[in-house]
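Here is what each chain is made of, one letter per residue.
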Amino acid sequence: MDYGLEDFVTRKSQNLDLLEYVRCDCPVCHKKNTFSITMTIFGVLYHCFHTNCDTKGIIKGNIKSRGRLIKDTLNKNTIPKIQEVLDMSNFDFNSINTVKSVLIKYNVYFVRDKACIAVDVKENRIVFFTWDRGGGKALSGIGRLLTGFPEYGVPKWKKYYTTEVYPIVFNCKSNYRGNPLYTKTCVITEDVFSALRVAKHHDAAAILGTSMTDFQIEYLHSLGFENIVISLDKDAQTSAIKLSETLSPYFKRVLTLPIDNDIKDMNGNEYSKYITSITKIRRKLHATGNN
Ligand SMILES: [Zn+2]
């Protein structure tokens, strides 16, 4: 960290309230009005927009919010405590045959961590969970109806908590939910089935849409990811570019990987090409110490 730069950013951000920003000349490349400083719950983010300047970073701590001071908000303790406790007795974690036949429809033939999937026997849904780091408690769950023809008014997807929606993160290395060994790179997909397919080879997170809340970004960050590869469905490429702009100050590298076909619909050939390109990206990042 360049302390001159830190001083500059700290001075400029002094009067900013949460989510306010200022634009000014870049103290590094000295280009006019290319430097942006934003006050966020993560810390003070700064970023130069000039193509030839990669000055960006975050100063944690001393975050001002509505006049009060929040220190080092970016740590695990900022993840809200879950108020609800889900009655797990409704979930069957052993009905792998039911689950298998559903997953195959979405070209998912391999699941490393079966503990992240269950069947809600009462509601007839396949449910995907996000666990806490110890693996003892489900933080959130989202479930899809198993039947093709739902009754009128019954939603296809159901959120199992009323609290913030966590991204559903699948780990590509360990097969026990409580002890995930995340790589430094996470592939972001829209839906759970695409993320699950990717997770055979790479860590993947389903963001359940085409944009992310501050909360979701903070959660991914708390898992230690440094690089993000965005792979939204083909009809969402504008959103993908927007999302990469939102994420780029928070992570070391944010890349978008354009795809011709939704991941869950790719045939074997398309899919292996896609996975190979991510492997190449990770290898390149690894060569620079950032895999
Ligand atoms: Zn600059």
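Located above this text is the structure these notes cover.
I will try to describe carefully the structure that is included in this document. Note that the structure is a prediction, hence the values are computed from the model and not measured.

### With respect to the sheet that holds strand β16 (residues 253–256)
Working step 1: With mixed pairing, the five strands of this open sheet are ordered in space as β12-β14-β13-β15-β16. The outermost strands of the open sheet, each flanked by one partner alone, are β12 (168–170) and β16. Direction aside, the axes of adjacent strands within the sheet are offset by 20 degrees on average.
Working step 2: Sheet analysis places β12 next to strand β14 (residues 204–206), joined by three bridges and oriented antiparallel. Residue I168 lies in a different strand from β14, and its bridge partner there is A206.
Working step 3: Sitting on the sheet, helix α5 (residues 237–247) is in contact with β15 (227–230) and β16, with an inclination near 180 degrees to β16.

### Topic: the nonpolar core
Working step 1: Residues V127, A195 and A205 are the most contacted members of the largest nonpolar core, which totals 52 residues.
Working step 2: Apart from residues no more than four positions distant in its own chain, A205 is found in contact with P167, I168, V169, C186, I188, A195 and L220.
Working step 3: In terms of nonpolar packing, the next biggest core, distinct from the first, is built from eight residues, C26, I37, L45 and Y46 among them.

### Details of the sheet that holds strand β3 (residues 43–48)
Strand pairing in a sheet relies on backbone hydrogen bonds, with the paired strands running either antiparallel or parallel.
Working step 1: Taken in spatial order, the four strands line up as β1-β2-β3-β4 in an open sheet, and their pairing is antiparallel. A single partner strand is all that each edge strand has here, and the edge strands are β1 (21–24) and β4 (56–59). Ignoring which end each strand starts from, the neighbouring axes of this sheet average 15 degrees apart.
Working step 2: As defined by bridge partners, β1 adjoins strand β2 (residues 35–40) across four bridges and the pair is classed as antiparallel. Residue pairing for β2: V22 is matched across the bridge by I37.

Reading the values: the criteria
Along each chain, numbering runs from 1 in the same order as the chain's sequence is written. Reporting of local features is limited, given that this is a predicted model, to residues whose pLDDT is at least 70; pairs of side-chain atoms are given and counted only at 80 or more, and all residues count toward the totals for whole chains, interfaces and linings. DSSP bridges decide pairing: two strands pair if at least two such bridges lie between them. Only DSSP runs of H or I with at least four residues qualify as helices, and only runs of E with at least two residues qualify as strands; both kinds are numbered from the N terminus onward. Between N-to-C directions, angles span 0 to 180 degrees; the directions come from axes that are lines fitted to C-alpha atoms, helices contributing only their stretch in contact. What counts as a contact is two residues whose backbone-derived C-beta atoms lie within 7 Å of each other. Joining buried Ala, Val, Leu, Ile, Met, Phe, Trp, Tyr and Cys residues through C-beta atoms within 7 Å gives a set, and that set is a nonpolar core. Neighbour counting defines burial: a residue surrounded by 20 or more other C-beta atoms within 10 Å of its own C-beta is buried, one with 12 or fewer is exposed, and intermediate counts give partly exposed, using backbone-placed C-beta atoms.

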